[in-house]
Structures are given as C-alpha cells and as structure tokens.
Amino acid sequence: MNKKTLHVILAVITVVLCATTIFFRVKSDQATNNLRDSNKQVKKEKTKYEKKKSDISNNIYYYISKNGDEKTKPIGQQYVNSELLDTASNKLFGFVFNYSNSDDYRKRKDLASSIATNDVLNNKTIFGDVKGANVIDSLGLKSSLDSVTSYLNAQDNNSIKGIVIVKYVINSSSGAKEGTKTYNVIYDKSQGKFSKVDSINN
C-alpha cells in the first residue's frame with residue numbers, strides 16, 4: 001500500500017469519525033432537549049393537577065359551609081373563613097410593607113383603602129407618618145413583604161377575628177434587615193375590609 005492510498009484511507013476514516021461524532025452529538029442534544037421538554041410538560045401537568053385538586057377541595061368546603069349538617073357545617077365555615085383571612089391579610093400587608101421610595105410609601109393608604117376601613121388607615125402604627133416619608137429617600141430605604149401567616153381565632157356571620165404574623169425585609173445602604181410584626185385583626189365580611197388591625201409588638 002503506497003502512501004497516497006494510506007492518506008486517502010486515513011482521510012476517509014477521519015471524515016467518518018467526525019460525521020459519527022457529529023451525528024451522536026446531535027442525537028444526544030435532541031435527547032436532552034426532548035427530556036427537558038418532557039420534564040417541563042410533566043411539571044406543567046402536575047401544577048394543573050394540583051390546582052384542580054385544590055379547586056375541588058375548596059368547592060367541597062364552600063358547599064359544606066353553606067349546606068352541611070350541624071357537624072360538618074362549622075368545619076366548612078372554619079376552612080372558608082381561614083382562607084378568606086389569609087387572602088385578605090396577604091393583600092393588606094402587601095400594601096403596607098412593599099415600597100421602594102417615599103411616593104410608594106405615601107400611596108399605601110390609598111391602595112389599602114380597598115381592604116381596610118378608615119380607622120385602620122388612620123392607625124399610625126401601621127401606616128406611619130406621611131410627613132416623615134422623605135426619610136425613606138434620604139436613607140435609601142426599601143421594604144418588601146416576605147411572608148404572611150394568619151391564624152383564625154373566632155368567627156361569626158359578620159366577622160373574622162385572628163392573629164397575623166408578618167415577616168418583612170428592609171433594605172438600605174447599610175444592608176438588609178429582617179423584621180417580624182404580629183397583629184390582632186378583625187375582618188368585617190359585610191364590608192369586605194379589615195375593621196381593626198392592632199400591632200402587638202410595635
């Protein structure tokens with residue numbers, strides 16, 4: 001076998017190896033992409049399933065709260081009122097603790113007017129003093145709500161009483177500081193608003 005033939009054979013082998021490598025690389029990438037898409041689809045379907053299951057559970061409790069017997073009706077009412085308190089608390093304290101500047105700080109009361117009565121809106125331990133809002137800009141303060149945990153204490157046809165624990169983070173030029181506040185609350189179901197929000201640990 002002369003050198004020319006050997007070079008040709010080596011060239012052919014090299015081309016075949018390169019083609020084979022590229023082929024398997026493409027197949028591997030396709031398999032990876034297919035697996036990734038499959039995982040995304042599984043997660044999507046799981047999320048839909050969990051939401052559907054939650055919706056069915058909620059519907060059952062809501063039905064029981066209206067149509068249950070003397071044993072099951074209070075259970076349904078407690079679940080419904082607990083969910084209502086949790087949703088309303090997240091909405092209210094989202095307005096209270098999320099702000100990035102003095103303008104956001106001043107607007108909190110207007111935003112919260114959809115979920116709180118005037119007595120609550122005028123509570124300075126919750127909304128602070130608007131006149132001092134400029135301090136937020138001068139100190140570069142930013143606040144964000146971390147979590148809201150609500151506990152139902154008492155309920156009747158008109159109101160829900162509970163305790164709400166709020167965790168938040170204050171960011172400034174000197175760093176981040178976590179805080180926790182606890183509130184006694186009363187939610188007026190007829191108004192769809194909090195009628196009382198008292199801070200336990202100012």
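Quantities reported herein were computed from a predicted structural model and do not represent experimental measurements. Each chain has its residues counted from 1, following the order in which its sequence is written. The predicted origin of the model limits local features to residues at a pLDDT of at least 70 and limits the giving and counting of side-chain atom pairs to 80 or more, whereas totals for whole chains, interfaces and linings rest on all residues. Note that the side-chain values use all heavy atoms of the structure and ignore hydrogens as well as water.

J.: How would you explain the pattern of salt bridges if you had to name every residue and give the values?
T.: Each reported salt bridge corresponds to a side-chain nitrogen of Lys or Arg within 4 Å of a carboxyl oxygen of Asp or Glu. Throughout the structure, instances matching the rule amount to two salt bridges. As a salt-bridge pair, D103 and R106 come within 3.5 Å of each other at their nearest N and O atoms. In this pair, D103 and R106 both sit in helix α3 (residues 102-112), three residues apart, roughly one turn of the helix. The salt bridge involving K196 is made with D198; its shortest N-O contact spans 3.6 Å. Three labels apply to residues, based on accessible area from a 1.4 Å probe with only protein chains included: buried if under 20% of the type maximum, exposed if over 50%, partly exposed otherwise in between. D198 gets classed as partly exposed once you look at its relative accessible area, which sits at 31%. By the criteria applied, helices consist of DSSP H or I runs no shorter than four residues and strands consist of E runs no shorter than two, each listed in order from the N terminus.

J.: Break down the side chain of S143 for me, citing the residues and quoting the values.
T.: Residue placement: S143 occurs in strand β1 (residues 142-155). Between N or O atoms, a polar contact is any pair within 3.5 Å; within protein, one atom must be a potential hydrogen donor and the other a potential acceptor, and residues adjacent in sequence are included only when both atoms are from side chains. A polar contact is formed between the side chain of S143 and the backbone oxygen of F97, at a distance of 2.5 Å. Setting aside residues up to four positions removed in sequence, S143 forms contacts with F97, N98, Y99, V169 and I170. In what follows, a contact means two residues having at least one pair of non-hydrogen atoms within 4.5 Å.

J.: Residue-level account of the nonpolar core, with values.
T.: Ranked by size, the top nonpolar core spans 23 residues in total, and within it L92, F93, Y183, F194 and V197 carry the most contacts. If you list the elements that add at least two residues to this core, you get α2 (72-97), α4 (118-121), α5 (124-127), β2 (159-172), β3 (175-188) and β4 (193-199). Ranked by the residues each element gives to this core, the list is headed by α2, at six residues. Setting aside residues no more than four positions away along its own chain, Y183 makes contact with F93, F97, I126, G162, I163, V164, V166, V197, D198, S199 and I200. The term nonpolar core refers to a set of buried residues drawn from Ala, Val, Leu, Ile, Met, Phe, Trp, Tyr and Cys, joined through side-chain atoms within 4.5 Å.

J.: Lay out the packing of aromatic side chains in plain terms, naming residues and giving numbers.
T.: Pairing of aromatic side chains here covers Phe, Tyr and the six-membered ring of Trp, requires ring centres within 6.5 Å, and sorts the geometry by plane angle: under 30 degrees stacked, over 60 edge-to-face, intermediate tilted. Tallied over the full model, the rule gives five aromatic pairs. Where F97 meets Y168, the ring centres are 4.7 Å apart and the plane angle is 25°; that geometry is what we call stacked. Highlighted residues: F97 in helix α2 and Y168 in strand β2, separated in sequence by 71 residues. With respect to class, F97 is no different from Y168; both count as buried. Through a chain of ring-to-ring contacts, the aromatic side chains of F93, F97, Y168 and Y183 assemble into a single cluster.

Nothing here speaks to function; it is geometry throughout.
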